[in-house]
Amino acid sequence: MEAENLTELSEFLLLGLSGAQLQPVLFGLFLSMYLVTVLGNLLIILAVSSDSHLHTPMYFFLSNLSFVDICFISTTVPKMLVNIQAQSKHISYVRCLTQVYFLMMFAGMDNFLLVVMAYDRFVAICHPLHYTVIMNPCLCGRLVLASWFIIFWVSLVHLLLMKRLAFSTGTEIPHFFCEVAQVLKVARSNTLLNNIVLYVATALLGVFPVAGILISYFQIVSSLMRMSSTEGKYKAFSTCGSHLCVVSLFYGTGLGVYLSSAVTHSSQSSSMASVMYTMVTPMLNPFIYSLRNKDVKGALGRLLSRTASCP
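The shown structure was predicted, so the numbers you read here are calculated from the model rather than taken from an experiment.

Parameters at a glance
Residues numbered from 1 in each chain as written. Predicted model: local features only at pLDDT ≥ 70, side-chain atom pairs only at ≥ 80, totals over all residues. Heavy atoms only, no water. Helix = DSSP H or I, 4+ residues; strand = E, 2+ residues; numbered from the N terminus. Buried < 20%, exposed > 50% of the residue type's maximum accessible area, 1.4 Å probe, protein only. Contact = heavy atoms within 4.5 Å. Axes fitted to C-alpha atoms, helices over the stretch in contact; angles between N-to-C directions. Parallel < 35°, antiparallel > 145°, perpendicular 65-115°, else oblique. Left-handed = near helix turned anticlockwise from the far one by under 90°. Nonpolar A, V, L, I, M, F, W, Y, C, P; charged D, E, K, R; others polar. Disulfide = S-S within 2.5 Å. Phe/Tyr/Trp six-rings, centres within 6.5 Å; stacked < 30°, edge-to-face > 60°.

Visitor: Give a description of the overall build of the chain that names residues and reports values.
Guide: Each helix and strand in the chain was counted, giving eleven helices and three strands. Each of the 311 residues in the chain was classed as buried or not, and the buried ones make up 46%. Intrachain contacts of the chain at a sequence separation of at least 6 include 79% that bridge at least 24 residues.

Visitor: Quick one: what's the story with the packing of helix H1 (residues 23-50) against helix H2 (residues 57-74), residue by residue and with numbers?
Guide: Axis separation between H1 and H2 bottoms out at 9 Å; the angle between their running directions is 155°. For the element pair H1 / H2, the angle class is roughly antiparallel. Like other packed secondary-structure pairs, H1 and H2 cross with a definite hand, here left-handed. Between H1, through Met33, Tyr34, Thr37, Val38, Asn41, Leu42, Ile44, Ile45 and Val48, and H2, the contact on the second element is made entirely by Tyr59, Leu62, Ser63, Ser66, Phe67, Asp69, Ile70, Ile73 and Ser74. In terms of residue class, the contact of H1 with H2 is built from twelve nonpolar, five polar and one charged.

Visitor: Provide a residue-level description of the state of the cysteines, including the pertinent values.
Guide: Inspection of every chain in the model, using the stated rule, returns one disulfide. A sulfur-sulfur distance of 2.0 Å marks the disulfide that ties cysteine 96 to cysteine 178. The disulfide joining cysteine 96 to cysteine 178 has a torsion of about -115° about its S-S bond and is therefore left-handed. Separated by 82 residues along the polypeptide, cysteine 96 in helix H4 (residues 93-126) and cysteine 178 in the loop between strand S3 (172-173) and helix H7 (180-185) bring together distant segments of the chain. Note on accessibility: cysteine 96 and cysteine 178 belong to one class, buried. Cysteine 138 takes part in no disulfide bond, and the closest cysteine sulfur, belonging to cysteine 140, lies 9.2 Å away. Under the relative-accessibility criterion, cysteine 138 is labelled partly exposed at 42%. Cysteine 126 provides the cysteine sulfur closest to cysteine 240, a residue in no disulfide bond, and the two sulfurs are 8.9 Å apart. Overall, cysteine 240 belongs to the buried group, its relative accessible area being 0%.

Visitor: Describe in detail the packing of aromatic side chains, supporting the description with residues and values.
Guide: Each pair of aromatic rings is reported with the distance of its centres and the angle of its planes. Going through the model one piece at a time under the given rule, you end up with eleven aromatic pairs. Pairing phenylalanine 152 with tryptophan 153 gives two aromatic rings, centres 5.2 Å apart and planes at 85°, and the pair type is edge-to-face. A relative accessible area of 34% means that phenylalanine 152 is categorised as partly exposed. The exposure class assigned to tryptophan 153 is partly exposed, which follows from its relative accessible area of 44%. Ring geometry for phenylalanine 250 and tyrosine 251: centres 5.1 Å apart, planes at 85°, overall edge-to-face. Overall, tyrosine 251 belongs to the partly exposed group, its relative accessible area being 21%. Taken together, Tyr101, Phe102, Phe106, Trp148, Phe149, Phe152 and Trp153 form an aromatic cluster joined through their ring pairs.

Structure, rendered in structure tokens:
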């Protein structure tokens, strides 16, 4: 079949996760996970915005993380649910590239926010007397805006490079959404430049943030080791527990996706690893922060009690 540029309206075929017999089960499972994710993260945002006790840099970044997680899971799951319900595997060329763009942007924002939150914990524990001066509202806002600015342009470069590729009509993507690496594999034109840019961006936006997190926690641990009070050590490090859990979950599932696609050639195992990355991680983040954090639990309790008392 001759390759042709799909600048005009055309479609890809998303092969999904399994055969037709499991589609109703997957529909119910993924719909439940999506609703739990949206509700949980929305409650975190409402709790932080409505409770003055949570108007601090740490919870400002947390509310931004919850917002990004809602957008992240909303990029893929609604379309997948529609396809399962309609028993269709089609996705338009434009929607596929849109998924690629927003997936990269929101995944990158998750990455940046976790680094910023690690820096916030570093300042709070290693420089507590200067915390309010360093982590002022202006700096917090600039850090978030700079993160959006960087990832906007990085994602846009990938999108523009993908628009120059050619695909065959009816191309099958062995996934349940349009992931950049999977789309590049089925392209019918040279993807060398795309792959180079992808690897460079992954290195810059992956290695450096991870290094920043590791350096921050190295400094935190060093500072805690110098503390004489065991209770003080525990109290200081307990504020990092939720962040460490989220970091481990985010990078652990991300590494699982990479290894499953690089080591094995099974599209099924790669898709299952992507479910963990794109659905399970955003769903668990609000539970990790609410269950391990007394301030968030208290704010959620006050929010729910005010909601219940309203006529």
